[in-house]
Amino acid sequence: MNMTATQNSHQDHDIREEISYIAGLNQSYVRQIMDYSKAFLDKVFPLDRGSHKDVCSYVVYYQHVLAYFADGSNSGLRTPAQFVAFGGHPEQPQSLLLKDGERHVELLFCHKGAHGSLDKAGIEDIQLQLTGEQTGWFSMIRGNAQSQPCIASTQNSPCFRAKDGGDYRLN
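The rules we used
- Residues numbered from 1 in each chain as written.
- Predicted model: local features only at pLDDT ≥ 70, side-chain atom pairs only at ≥ 80, totals over all residues.
- Heavy atoms only, no water.
- Helix = DSSP H or I, 4+ residues; strand = E, 2+ residues; numbered from the N terminus.
- Buried < 20%, exposed > 50% of the residue type's maximum accessible area, 1.4 Å probe, protein only.
- Areas by Shrake-Rupley, 256 points an atom, 1.4 Å probe, with all protein chains shown as cover.
- Pairing = 2+ DSSP bridges.
- Core = buried A, V, L, I, M, F, W, Y, C linked by side-chain atoms within 4.5 Å.
- Contact = heavy atoms within 4.5 Å.
- Axes fitted to C-alpha atoms, helices over the stretch in contact; angles between N-to-C directions.
- Phe/Tyr/Trp six-rings, centres within 6.5 Å; stacked < 30°, edge-to-face > 60°.
- 1 Å grid on protein atoms, 1.4 Å probe; cavity = no way out; pocket = protein on both sides within 12 Å on 5 of 7 lines; lining within 4 Å.
- Points joined across faces, edges and corners; volume = space filled by probe spheres on them.
- Salt bridge = Lys/Arg side-chain N within 4 Å of Asp/Glu carboxyl O.

A.B. asks: Looking at this structure, I do not really get the overall build of the protein chain. What am I missing?
C.D. replies: Within the protein chain, the secondary structure is distributed over 1 helix and 11 strands. Listing the helices and strands of the protein chain from first to last along the sequence gives α-β-β-β-β-β-β-β-β-β-β-β. Per-residue burial for the protein chain yields a buried fraction of 37% across its 171 residues. Of the roughly 10,200 Å² of accessible surface on the protein chain, 50% is carried by carbon and sulfur atoms.

Structure (structure tokens):
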């Protein structure tokens, strides 16, 4: 009996080590995907100064989005008109909706989420609107497609608050 108890204890320890190792690999993978996605944001929705990779929080201030950095400084978008709407409270948005041409990009925040807890800005996902033959939304973090943005409850109801305070409907 003692031999079996010792073997089980050793196997439990080995399993815990493997789980810990795999969890570390998953976190590393999510960070790599997040870095790539933020490089996309820097390319398509650049900040006036700084990088989305260094942002600690985003705030809606009047009709602008401000990105705050660890040193307390902030920056707006280089092209402020790219910010079109948000979800949640302006001081701590649940989502930001950006637009480049005809394509929307939604940044989703959840500091306690599986991905948001690993990101200093709390970004849980970055959703890219698909246009043309493919319609719907593509999750840059999860790597899958879905029919509507995460914040939308139904396509007929207003999903976002426009930066001027009105309803913003996706086209």
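What follows picks up the thread again.
A.B. asks: Just checking my understanding: could you explain the sheet that holds strand 5 (residues 92-100) for this structure?
C.D. replies: Two pairing modes exist for strands in a sheet, parallel and antiparallel, and in both the strands are linked by backbone hydrogen bonds. Pairing in this open sheet of 8 strands is antiparallel, and the strands run 9-8-7-6-5-4-10-11 from one edge to the other. Looking along the sheet, the strands with just one partner apiece sit at the ends: strand 9 (145-146) and strand 11 (167-168).

A.B. asks: Would you take a moment to explain the nonpolar core for this structure?
C.D. replies: When a protein is soluble and globular, its nonpolar side chains tend to lie buried together. By size, the foremost hydrophobic cluster in this structure holds 25 residues, and its most contacted members are Y58, F83, L96, L107 and I123. Not counting residues up to four positions away in its chain, the partners in contact with L96 are Y58, V60, V65, F83, A85, F86, V105, E106, L107 and F109. Listed in part, the 8 residues of the second largest apolar core include V84, W137, F160 and A162.

A.B. asks: Can you walk me through the sheet that holds strand 3 (residues 74-76) in this structure?
C.D. replies: Spatially, the 3 strands line up as an open sheet ordered 1-2-3, and their pairing is antiparallel. Both edges of this open sheet fall to strand 1 (55-61) and strand 3, since each of them pairs with a single strand only. This sheet shows a mean twist of 30° between the axes of neighbouring strands, independent of strand direction. Taken together, the 3 bridges between strand 2 (residues 64-69) and strand 3 define a ladder with antiparallel strand orientation. Bridging across to strand 3, L66 finds its partner in G76.

A.B. asks: Help me understand the packing of aromatic side chains, please; the structure alone is not making it clear to me.
C.D. replies: Two aromatic rings are characterised by how far apart their centres lie and by the angle between their planes. As enumerated under the stated definition, the model contains 2 aromatic pairs in all. Note on Y58 and F109: the rings are 5.6 Å apart at their centroids and 45° apart in plane angle, and the pair reads as tilted. You can see Y58 sitting in strand 1 and its partner F109 sitting in strand 6 (residues 103-109), a full 51 residues away along the chain.

A.B. asks: Hey, could you run me through the pairing of strand 2 in this one?
C.D. replies: Pairing of strand 1 with strand 2 involves 6 bridges; the strand directions are antiparallel. Counterpart to V55 in the pairing with strand 2 is F69. Linkage of strand 1 to strand 2, two consecutive antiparallel strands, is achieved through a turn of 2 residues, within which Y62 is found at a positive phi near 55°. Between strand 2 and strand 3, which follow one another and run antiparallel, lie 4 residues, and G72 among them has a positive phi close to 95°.

A.B. asks: Looking at this model, I keep getting lost on empty space enclosed by the protein. Mind explaining?
C.D. replies: A probe as big as a water molecule, rolled over the atoms, marks out the empty space that is left. Evaluation of the coordinates by the stated rule reveals 1 cavity of 30 Å³ or more. Taken together, L47, H52, Y58, V65, L66, A67, S75, L77, L96, L98 and L107 form the lining of the largest cavity. The element best represented in the lining of the largest cavity is strand 2, accounting for 3 residues.

A.B. asks: Is there a simple way to explain the pattern of salt bridges in this structure?
C.D. replies: Side-chain pairs of opposite charge can arise whenever the charged atoms involved come near each other. Using the criterion set out here, one finds 3 salt bridges in the structure. K38 serves as the salt-bridge partner of D119, at 2.5 Å between the closest nitrogen and oxygen. Note that D119 is positioned in the loop between strand 6 and strand 7 (123-130) and K38 in helix 1 (residues 2-44), a separation of 81 residues in sequence. With relative accessibility at 10%, the residue D119 sits in the buried group. Here E124 ties to R142 by a salt bridge, and the two come within 3.3 Å at their closest N and O atoms. Here R142 lies in the loop between strand 8 (136-139) and strand 9 and E124 lies in strand 7, a separation of 18 residues in the sequence. The exposure class assigned to E124 is buried, which follows from its relative accessible area of 12%.

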